[in-house]
Amino acid sequence: MLHLDSNYRLKCFLYIKYNQLSCSTSTMVHNANSNKLHFNTSSLHADGHLVNGPDVSPAISTSSTYLFNKTEHGANNYGDDQIYEYSRYGTPTLARTEAVLGKICNGLATVHSSGLSSLLSLLIHYRPKRIVMKHGYFGCDNVIRIYRTLIPDAVVLGLDCEYKENDFVWLETPVNPTGEIEDIQYFANKAHAAGAILLVDSTFAPPPLCDPFKQGADVVMHSGTKYFGGHADVLCGVVVTKCAALNEALHRQRDVLGMVPGNLEAWLVLRSLRTLSLRVNQQSKTCQMLVSYLANAAKGCSLAETDGIPVGAVHDVRHASTQRFSPSFDVCAQHPNGFGPVFSILLSSQSQALFVARNLKLTTFATSLGSVSSLVDWRHGGDPTQDPRLLRVSIGLEDIEDLKRDWKNTIIASISATRSNKL
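What you see is a predicted model, and the numbers here were worked out from it, not measured in a lab.

Would you mind going over the pairing of strand E9 (residues 342-347) with me for this structure?
Consecutive side chains of a regular strand alternate in pointing toward one face of the sheet and then the other. Of all the six residues making up E9, six are buried; the element is thus mostly covered by neighbouring parts of the structure. Residues Val342, Ser344 and Leu346 of E9 are buried on one face, and the alternating residues Phe343, Ile345 and Leu347, pointing to the opposite face, are buried as well. In terms of strand pairing, strand E8 (residues 314-318) meets E9 through four bridges, oriented antiparallel. Of the residues in E9, the one forming a bridge with Asp316 is Leu346. Two strands pair when backbone bridges link them, and E9 and strand E12 (residues 390-394) are joined in this way by five bridges, in the antiparallel orientation. Its bridge partner being in E12, Ser344 is matched across the sheet by Arg392.

Spelled out as structure tokens, the structure:
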């Protein structure tokens, strides 16, 4: 049996060989000059080969259609290796965004109109009969439910099942809503041994925190709405692959289905990628400090150690930094630059959880994550399978001391409200 690893490379080779005379999206967005650049520099200059004009800040392409080349139909009409016809097929702004995303994610990027559109595009491309996953983000469950109306004999199996050839293994790590992590290398080895494909949703741990390709992932997906956008003002999804054939197929599929992001959305993501490393590294550090602070209360430490948060006020805190790992899991290799900036906190009751969420001063009570401002979400409200006492917390760029004080004051206030029956 030819395992997917070698079969995958063969398909890529044959596709490139057959289409070597055509201008592909994969070729256009690759900047050979950025090969040796480090992460921060790449986020600023990986799209330099696509600059066309004197603008220092990238312009927003507002046109829905583009002039044909006056001498040859289908020839370059914008710049070196750049051909534009209709905005559903691609725009100068989107090309620059995909160039940067591909470089910092160590592959070739296709951007869709949302994260769930990215998942749907992968399902349509692979048309799997066996989907292997565990419950995480309920939106992914909903997409797969719709997919199964189109492919009625498709089944969903747990990650612990015995894998078979062509299985579509969907691994969400870090996990929503706890921020805990899975061993990508373990699942990659298990999938490839069976001839299955491993797709990793790495939304909660974007680069530079994690590169799933280094642990054996075949395809990586991000909800770009979160950290790539980073300011709670854009909706998009990103699929990254190292296979030019798959990248090209996803682009052509996107052209047909119209799952392309708007020019403003593409520009907002490109703008935000310039500061991705600065934002995410700081958010990761602040998150781990706040988790440690709140976890002391959950452990029943003294009032001095919990800075005055009463023992028992916090039932549990879950995050990658609080996990216990198997000795075989090389956590540092998978997360060399820190863990994702999302964690969950379990309070004593649903009413206390809602009180805290509604009364925090510096953490906004809203869904989503990855913004420069901290967010807290009562997950049970959108996903009834989640514990009603649980809050998911996404850390922004606020100062750690301000966040600690806000959480302490709000938790203490929730206890007072409980005692006076004001919850």
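What exactly am I supposed to notice about the UniProt feature "modified residue: N6-(pyridoxal phosphate)lysine" (unreviewed entry) in the protein here?
Under the UniProt annotation, the feature "modified residue: N6-(pyridoxal phosphate)lysine" (unreviewed entry) is placed at Lys226. Position of Lys226 among the secondary structure elements: in the loop between strand E6 (219-223) and strand E7 (237-241). According to the relative accessible area criterion, Lys226 is buried, its value standing at 15%. When near neighbours in sequence (up to four residues on either side) are disregarded, Lys226 contacts Thr203, Ser368, Leu369 and Gly370.

Help me out: how do you make sense of the sheet that holds strand E5 (residues 197-201) in this one?
The seven strands lie next to each other as E1-E7-E6-E5-E4-E2-E3, forming an open sheet whose pairing is mixed. Of all the strands in the sheet, the pair left with one neighbour each is strand E1 (108-112) and strand E3 (155-157). Taking each pair of neighbouring strands and ignoring which way they run, the sheet shows an average axis angle of 20°. Of the pairings in the sheet, the one linking E6 to E7 comprises five bridges and is antiparallel in character. Bridge pairing in E7 links Val219 to Thr241. Sheet strands touched by helix H6 (residues 138-150): strand E2 (130-132), E3, strand E4 (168-172) and E5. Its angle to E3, the strand with the most contacts, is close to 150°.

When you look at empty space enclosed by the protein in this model, what are you seeing that I'm missing?
With a probe scaled to a water molecule rolled over the atoms, the places where space remains empty come into view. The tally for this structure, following the rule as stated, stands at two cavities of 30 Å³ or more. Here the largest cavity defines a volume of roughly 70 Å³. Taken together, Met133, Lys134, His135, Gly136, Tyr137, Cys140, Asp141, Leu159, Trp170, Glu172 and Val175 form the lining of the largest cavity. A breakdown of the residues in the lining of the largest cavity according to their chemical character gives six nonpolar, two polar and three charged. In this structure, the second largest cavity encloses a volume near 50 Å³. Looking at side-chain class alone, the lining of the second largest cavity contains seven nonpolar, one polar and one charged residues.

Would you take a moment to explain the packing of helix H5 (residues 115-126) against H6 for this structure?
At their nearest, the axes of H5 and H6 sit 10 Å apart, and the two run at 35° to each other. Between H5 and H6 lies a crossing whose hand is right-handed. Residues Leu116, Leu119, Leu120 and Leu123 of H5 form the contact with H6, whose participating residues are Gly139, Cys140, Val143, Ile144 and Tyr147. Residues of the contact of H5 with H6, tallied by class, amount to eight nonpolar, one polar and no charged.

Sorry if this is basic, but what is going on with the nonpolar core here?
The nonpolar side chains of a soluble globular protein tend to be buried, and buried together. Core analysis: the largest hydrophobic core is formed by 45 residues, its most contacted members being Tyr163, Val169, Leu198, Phe228 and Leu273. Elements supplying a minimum of two residues to this core: helix H4 (92-104), E1, E4, helix H7 (184-194), E5, E7, helix H9 (263-273) and helix H10 (276-298). Looking at this core, the element that brings in the most residues is H9, giving six residues. Among all residues touching Tyr163, those that are not within four sequence positions of it are Arg130, Val132, Val169, Phe187, Lys190, Ala191 and Ala194. In terms of nonpolar packing, the next biggest core, distinct from the first, is built from 29 residues, Ala313, Leu347, Leu391 and Leu403 among them.

The rules we used
Just so you know, the residues in each chain are numbered from 1, in the order the chain's sequence is written. Given that this is a predicted model, residues contribute local features only at a pLDDT of at least 70 and side-chain atom pairs are listed and counted only at 80 or more, while totals for whole chains, interfaces and linings are drawn from all residues. Side-chain numbers here rest on the full set of heavy atoms in the structure, without hydrogens or water. A 1.4 Å probe rolled over the protein chains alone gives each residue an accessible area, and that area as a share of the maximum for its type sets the label: buried under 20%, exposed over 50%, partly exposed in between. Strands here mean DSSP runs of E at least two residues long; helices mean DSSP runs of H or I at least four residues long; both are numbered from the N terminus. Pairing between strands is defined by DSSP: at least two bridges between the two strands are required. UniProt positions are given in the numbering used here, feature names are shortened, and annotations may be inferred rather than shown by experiment. In what follows, residue pairs with any heavy atoms lying within 4.5 Å of each other are defined as contacts. Throughout, an axis means a line fitted to C-alpha atoms (over the contacting stretch in the case of helices), and angles, computed between N-to-C directions, take values from 0 to 180 degrees. Every definition here rests on a 1 Å grid over the protein atoms only: cavities are sets of points where a 1.4 Å probe fits but cannot get out, pockets are open sets enclosed by protein on both sides within 12 Å along at least five of seven lines, and lining residues have some atom within 4 Å of a point. Grid points are joined across faces, edges and corners, and a volume is the space filled by probe spheres set on the points. Any residue outside Ala, Val, Leu, Ile, Met, Phe, Trp, Tyr, Cys, Pro, Asp, Glu, Lys and Arg is labelled polar, Gly included; the first ten of those are nonpolar and the last four are charged. In this scheme, a crossing is called left-handed if the near helix is turned counterclockwise away from the far one by less than a right angle; it is called right-handed if the turn is clockwise. Buried Ala, Val, Leu, Ile, Met, Phe, Trp, Tyr and Cys residues form a nonpolar core when they are joined through side-chain atoms within 4.5 Å.

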